Amino acid sequence: MNAVEVTGVSKVFRVAKGAEVVALDSVSLSVVPGEFVSLIGPSGCGKSTLLRLIADLDQPTAGEVLVFGKSARQARIDQDYGIAFQQAGLLPWRTVTGNIELPLELHGVGKAARRARAQDLLALVGLSDFADRYPDQLSGGMQQRVAIARSLAESPELLLMDEPFGALDEMTRERMQTELVRICAETGAAVVFVTHSIPEAVYLSSRVVVMSPRPGRIQEVVTVGLGSAGTRDDALREDAAFFASVKAVREALHGDAVHEKAPHSVRGVETR
Amino acid sequence: MSATSGSRSASPLTRGFSSGSLRAVTAPILLGVVVLLLWQVAVVLLDIKPFVLPSPVNIGTQFASSFDSVWAGTVVTGTNAFVGLLLGAVTGILAAIAAALVRVFDELSVPIVTAAAVIPIVALAPVLYTMFGANVETARQLVAALAVFIPVYLNTLKGLRQVRPVHRDLMRAYAASPWQATRTVTLPGAMPFLFTGLRIASSLAVISALIAEYFGGPVGGLGKSITSAAASSNYPLAYAYVLGSILLGLVFYAVTLAFEKLASRHSSSTP
């Protein structure tokens, strides 16, 4: 059974005066358990929309989204996934521990069990010394690590991440990517990861889904053969195979631009 | 980064904590003393009659000598203001929660709240005295409660509508019930707004409870005492009661301000 099974999904947004924007046009995608899949593409290609449909934060106009064989709605109610956004979205009036405990608290986990779980997760993201701090006392990178710890609180088999490192500087970002790879290796969760950055997608993923805008479609799926998550480290960033994959993803993105004779349509994608 | 900002280039002894906060405290005190001195001098030199304006020393002496009576009046008016503040705040908060949860309630309440916001609430005092009887404090407490209700309701409702989209998405992703979302995200986020409303309302509570005494009801409160002292030409005593009302208002304000500071300690928005 696949972690995510998206079949012929379309999403049409109605904007003012009856005009319609086709955010996604019959998109199909499967993610197997434990697999790391990145969604990449220019602004407006519907990658975030696709993630929101999987999370049941929005409903598709047509098609079907299955998460672990259930409807997206049922999977959300059963808490089958953890989620992290571009904004950490921590509650400023709760401590770091309080924020990580939030999902557990909402789902009736006892106090002692919550504390223990929060401690484990803080150790996992390397923030044990900051358990009693408030979010406004942390840097952006630390806040994002708390948000990732929170998304892992209920040991989900599926992680949904919407540009979680988008607001971070390059140094912090690379460190967070390395950490995420390690965390994924430890937890064995499947990940759907939305990003703007080609190197980020290649470094993290076993498959990179390249999307094109207006209407949002899957352009190409690039399989990255860089070994399992456990064997990936910083040295990989300078590996020839890494650059080859970056090139492949870049060509998939640009091939579309050449085809449509609109090079500006890839704006918003970092090709660093 | 250095501990003190570049603009403070005072000598090491007065740098940092002491220079800024010391000036913040001493400057207003100094100004107050200067004003009182000028007042005293003006009253003595210009030979101003006490029924026009008593001197600060005169008022001070009167305040000290009739402290028991001023204190008794402060307790009566303060209790009315406090009961009104509590009553108005609780109903205001509950109504704001209802308006935030149920759209229909919000739409229904708009004209009523607008009407309540524009009527001079103390004008209701005579009507309320007839309704509840002129020998109990109920009318005054209700006037204070009505005055408190509006700012608390409006501010709390505004606060309840400040929920950030990312928090809304998060609550949906957690399949949180509407009540869970209200309790964990909406209400704590509204707290700083609620306490701002309460701070504004605290002064209104004291003012309304005091002014309501002008329209009738039992004697003993500060308002009644001011009018009766003035009516019997005891102007320094009237001013002593006024001083008592100012102190009462300050206490209400300072306490609610402290709560507000406490509530907005960690409310700065995070990325």
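Here is what the cut-offs are and how they apply
Residues numbered from 1 in each chain as written. Chains lettered and ligands numbered in written order. Predicted model: local features only at pLDDT ≥ 70, side-chain atom pairs only at ≥ 80, totals over all residues. UniProt positions renumbered as here; feature names shortened; annotations may be inferred. Helix = DSSP H or I, 4+ residues; strand = E, 2+ residues; numbered from the N terminus. Pairing = 2+ DSSP bridges. Core = buried A, V, L, I, M, F, W, Y, C linked by C-beta atoms within 7 Å. Buried ≥ 20, exposed ≤ 12 C-beta atoms within 10 Å, placed from the backbone. Contact = placed C-beta atoms within 7 Å. Nonpolar A, V, L, I, M, F, W, Y, C, P; charged D, E, K, R; others polar. Domains from an automatic or database assignment. Axes fitted to C-alpha atoms, helices over the stretch in contact; angles between N-to-C directions. Parallel < 35°, antiparallel > 145°, perpendicular 65-115°, else oblique. Left-handed = near helix turned anticlockwise from the far one by under 90°.

An unreviewed UniProt entry annotates chain B as NitT/TauT family transport system permease protein of Glaciihabitans tibetensis. Taken directly from UniProt, the Sequence similarities (unreviewed entry) text for chain B runs: "Belongs to the binding-protein-dependent transport system permease family."

In the annotation of an unreviewed UniProt entry, chain A is listed under the name NitT/TauT family transport system ATP-binding protein and assigned to Glaciihabitans tibetensis.

Draft legend 1. Inspection of the UniProt feature "transmembrane region" (unreviewed entry) in chain B at higher detail. Residue and element names in this part refer to chain B. Per the UniProt record, "transmembrane region" (unreviewed entry) is annotated on residues 21–46, 81–105, 112–132, 138–154, 193–217 and 237–259. Taken end to end, residues 193–217 comprises 80% helix and 0% strand; its first and last C-alpha atoms sit 35 Å apart. The straight-line gap between the two end C-alpha atoms of residues 237–259 is 33 Å; of that span, 100% is helix and 0% is strand.

Draft legend 2. Representation of the sheet that holds strand β5 (residues 70–71) of chain A in the model. Within the open sheet, the 4 strands sit side by side as β2-β1-β4-β5 (chain A). Their pairing is antiparallel. Each edge of the open sheet is held by one strand with a lone partner, namely β2 (20–31) and β5 of chain A.

Draft legend 3. Expanded view of the nonpolar core. Membership of the largest hydrophobic core comes to 85 residues, with the highest contact counts inside it found for I54(A), L160(A), V191(A), V192(A) and V249(A). I59(B), A147(B), L210(B) and I226(B) belong to the second-largest nonpolar core, a separate cluster that totals 51 residues.

Draft legend 4. Quick peek at the interface of chain A and chain B. Every contact between the two is made by 23 residues of chain A and, on the other side, 19 residues of chain B. If you list the elements that add at least two residues to the side of chain A that touches chain B, you get α2 (72–77), α3 (96–106) and α5 (140–151) of chain A. Looking at which element gives the most residues to the side of chain A that touches chain B, the answer is α3(A), with 3 residues. Taken together, the residues of the side of chain A that touches chain B break down into 16 nonpolar, 5 polar and 2 charged.

Draft legend 5. Local environment of the domain arrangement of chain A. Residue and element names in this part refer to chain A. When cut into domains, chain A gives domain 1 (1–15 + 32–80 + 156–266) and domain 2 (90–155). Put simply, the middle of domain 1 and the middle of domain 2, counted by C-alpha atoms, are 25 Å apart. Broken down by element, the residue count for the side of domain 1 that touches domain 2 peaks at 5 residues, all from helix α6 (residues 170–187). Across the side of domain 1 that touches domain 2, the residue classes break down as 8 nonpolar, 3 polar and 1 charged.

Draft legend 6. Expanded view of the packing of helix α4 (residues 103–118) of chain B against helix α6 (residues 138–160) of chain B. Residues and elements named next belong to chain B. Contact pair α4 / α6: the axes reach a minimum separation of 10 Å and the direction vectors enclose 125 degrees. Here α4 is positioned oblique relative to α6, judged by the angle of their axes. Here α4 runs over α6; the crossing is left-handed. On α6, the residues touching V113, A116 and A117 of α4 are L146, I150 and Y153.

Draft legend 7. The arrangement of the pairing of β2(A) in detail. Residues and elements named next belong to chain A. Bridging between strand β1 (residues 4–14) and β2 involves 8 bridges; their strand directions are antiparallel. Directly across from E5, in β2, lies its bridge partner S30. In textbook terms, the turn of a hairpin is the stretch between consecutive antiparallel strands, and for β1 and β2 this stretch comprises 5 residues, one of which, K17, has a positive phi near 60 degrees.

Draft legend 8. Structural view of the domain arrangement of chain B. One can read the domain layout of chain B as domain 1 (16–48) and domain 2 (56–263). Here the C-alpha centre of domain 2 of chain B lies 31 Å away from the C-alpha centre of domain 1 of chain B.

Draft legend 9. A look at unusual backbone geometry. Residues and elements named next belong to chain A. The backbone phi angle of Q79 is positive, close to 55 degrees, even though this residue is not glycine. One can find Q79 in the loop between α2 and β6 (81–84). The exposure class assigned to Q79 is partly exposed, which follows from the 16 C-beta atoms found within 10 Å.

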